[in-house]
Amino acid sequence: MTTYIVLKSLSKIESKDKRHSVVSQGGLTFGSTCHKCNNDRLGISYDPELIKLYREMKDLSNSIQSNQLALPSHKMFFVKPQKIARSVIGHIIAANSISTLSEPTAHSGIYSDLVEYFKDGDAPLPDNVEIYYWFYPSRDIKVLKSFGRSFKWGVNPVVGDVLKFFPLAFWVVWNVPEEINISLPKLLPNKKVGGDELTQITVDFVSHPRLDFPELPDDNGASVYASQISSVGVQFV
C-alpha cells in the first residue's frame with residue numbers, strides 16, 4: 001500500500017503554502033517513542049487487541065460484501081478496552097513531537113499523564129481524560145494533535161487528539177467543560193476495568209458522525225489547532 005501523507009502546519013498563517021508531502025510505502029510513521037515502547041508495549045502488549053477488533057470488523061465487512069447483505073445497524077464486540085486505549089494513546093504519543101512531550105507547554109502536563117498511563121499497564125485512565133470512538137467508513141488516515149473544538153460560543157473548547165483510520169475513529173479528550181455533552185460512546189466508561197478484562201463495546205454503523213467530524217465545525221462552533229502538525233494519509237491504489 002502506498003500512502004500519500006500531507007503535512008500542514010496550522011499555526012502559522014502566511015502567504016506561502018506550508019504543505020509538504022511525502023510518499024510512504026508503510027503508512028504513517030512517527031519517531032517520538034522509544035524502541036522498547038514501540039516494540040514491547042505497543043507491538044506486543046497493546047496493538048494486538050486493536051488489530052483483533054479491526055480484523056473482526058473487516059471480516060464482517062467482507063462477509064457482507066461477498067454475500068451482498070446489508071450492514072447491521074450496530075454490532076457488539078468483546079474487547080479488552082484498557083489495551084485498546086493504551087494502543088490508541090501510544091500512537092498519539094508517537095505522533096507528537098519530542099518538544100510536546102518534554103518541554104513546558106499548555107498541554108505538557110496532560111501528555112505526561114498519558115505517557116505514564118501508557119507505560120503502567122495497571123493504571124486506570126486518568127479521571128480528566130475520556131476516549132470516544134465511532135465508526136469511520138473512510139480510507140483516509142487522520143492524526144490531529146492538541147486540537148480544540150468549540151461547540152458553544154462563550155464555552156471553552158473540547159481539547160484533545162484525534163486518531164482516525166478505517167474502520168474506527170478515536171478522540172482522546174481532557175478536561176471537558178461541564179456545559180458540553182459529547183453524544184458518543186466512551187471506550188472506557190469504567191476507567192478502573194482491569195487490563196485483561198473483557199467488556200462489550202457497541203459500534204453503531206448507522207448513527208455515526210460525518211467523516212470530517214470533529215475537525216470541521218458547524219455553524220455554532222469553531223476549530224482551533226495548536227502549533228503541532230496535523231497529518232493526513234490518503235491511500236492511492
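Note that the structure is predicted; figures quoted are calculated from it, not measured. (Residues numbered from 1 in each chain as written. Predicted model: local features only at pLDDT ≥ 70, side-chain atom pairs only at ≥ 80, totals over all residues. Heavy atoms only, no water.)

**Section: the environment of Trp153**
Alright, step 1. Secondary-structure assignment places Trp153 in the loop between strand E5 (141-150) and strand E6 (158-165).
Alright, step 2. Trp153 gets classed as exposed once you look at its relative accessible area, which sits at 62%.
Alright, step 3. C-alpha of Trp153 to C-alpha of Gly221: the two residues are 68 residues apart in sequence and 6.7 Å apart in space.
Alright, step 4. Ignoring anything within four residues of it in the chain, the contact list for Trp153 reads Asp219, Asn220, Gly221 and Ala222. (Helix = DSSP H or I, 4+ residues; strand = E, 2+ residues; numbered from the N terminus. Buried < 20%, exposed > 50% of the residue type's maximum accessible area, 1.4 Å probe, protein only. Contact = heavy atoms within 4.5 Å.)

**Points about the environment of Leu188**
Alright, step 1. Mapped onto the secondary structure, Leu188 falls in the loop between strand E7 (168-174) and strand E8 (199-204).
Alright, step 2. Separated by 58 residues in sequence, Leu188 and Glu130 have C-alpha atoms that sit 7.5 Å apart.
Alright, step 3. Beyond its immediate stretch of four places on either side in the chain, Leu188 contacts Pro81, Gln82, Ala85, Tyr117, Leu125, Glu130, Ile131 and Val193.

**Comments concerning the nonpolar core**
Alright, step 1. Counting residues in each nonpolar core, the largest one holds 43 residues, and the members touching the most others are Ile89 and Phe170.
Alright, step 2. Not counting chain neighbours up to four residues away, the residues in contact with Ile89 comprise Leu114, Tyr117, Phe118, Leu125, Ile131 and Val172.
Alright, step 3. Residues Tyr132, Ala169, Val173 and Ile182 belong to the second largest nonpolar core, which totals 15 residues. (Core = buried A, V, L, I, M, F, W, Y, C linked by side-chain atoms within 4.5 Å.)

**Quick word on unusual backbone geometry**
Alright, step 1. Geometrically, the link from Phe166 to Pro167 is a cis peptide bond, its omega value of 10 degrees lying close to zero.
Alright, step 2. Summarising the element assignment, Pro167 is placed in the loop between E6 and E7.
Alright, step 3. At the junction of Phe213 and Pro214, the peptide bond is cis and its omega measures out at 0 degrees in the coordinates.
Alright, step 4. A positive phi angle, near 50 degrees, is found at Ser146, a position not held by glycine.

**Some remarks on a negative patch on the surface**
Alright, step 1. Taken together, Asp113, Glu116, Asp120 and Asp122 make up a surface patch of like negative charges.
Alright, step 2. Looking at the element boundaries, Glu116 is found in helix H4 (residues 108-119).
Alright, step 3. You can call Glu116 partly exposed: its relative accessible area is 48%. (Patch = residues over 30% accessible without salt bridge, like charges linked within 9 Å, V, L, I, M, F, W, Y side chains within 5 Å. Areas by Shrake-Rupley, 256 points an atom, 1.4 Å probe, with all protein chains shown as cover. Salt bridge = Lys/Arg side-chain N within 4 Å of Asp/Glu carboxyl O. Lys, Arg positive; Asp, Glu negative; His and termini not counted. Charge placed at Lys NZ, Arg CZ, Asp CG, Glu CD.)

**Regarding the pattern of salt bridges**
Alright, step 1. Scanning the entire structure with this criterion turns up nine salt bridges.
Alright, step 2. Between Glu130 and Lys191 there is a salt bridge, and its shortest N-O distance comes to 3.3 Å. In this pair, Glu130 sits in strand E4 (residues 129-135) while Lys191 sits in the loop between E7 and E8, placing the two residues 61 residues apart along the sequence. Lys191 carries the same exposure label as Glu130, and that label is buried.
Alright, step 3. Taking the shortest distance from any N to any O, the salt bridge between Asp212 and Arg210 comes out at 2.3 Å.
Alright, step 4. Owing to a relative accessible area of 40%, Arg210 belongs among the partly exposed residues under this scheme.

**Considerations on the side chain of Glu215**
Alright, step 1. Note on placement: Glu215 falls in the loop between E8 and strand E9 (222-225).
Alright, step 2. Among the polar contacts made by the side chain of Glu215, one reaches the side chain of Lys142 at a distance of 2.8 Å.
Alright, step 3. A distance of 3.0 Å separates a polar atom in the side chain of Glu215 from a polar atom in the side chain of Lys164.
Alright, step 4. Apart from the residues within four sequence positions on either side, Glu215 is in contact with Lys142, Leu144, Phe147, Lys164, Ser223 and Tyr225. (Polar contact = N/O pair within 3.5 Å; in protein donor to acceptor, adjacent residues only side chain to side chain.)

**Quick word on the packing of aromatic side chains**
Alright, step 1. Applying the stated rule across the entire model yields seven aromatic pairs.
Alright, step 2. A ring pair is formed by Tyr111 and Trp174, whose centres lie 5.6 Å apart and whose planes are at 75 degrees; its orientation type is edge-to-face. Here the residue Tyr111 occupies a position in helix H4, and Trp174 occupies one in strand E7, the gap between them amounting to 63 residues. Grouping residues by exposure puts Tyr111 and Trp174 together as buried.
Alright, step 3. Chaining the aromatic ring pairs together yields one cluster made of Trp134, Phe151, Trp171 and Phe213.
Alright, step 4. Taking NZ or CZ as reference, Arg86 lies 3.9 Å from the ring centre of Tyr117, over its face. (Phe/Tyr/Trp six-rings, centres within 6.5 Å; stacked < 30°, edge-to-face > 60°. Lys NZ or Arg CZ within 6 Å of the ring centre and 35° of its normal.)

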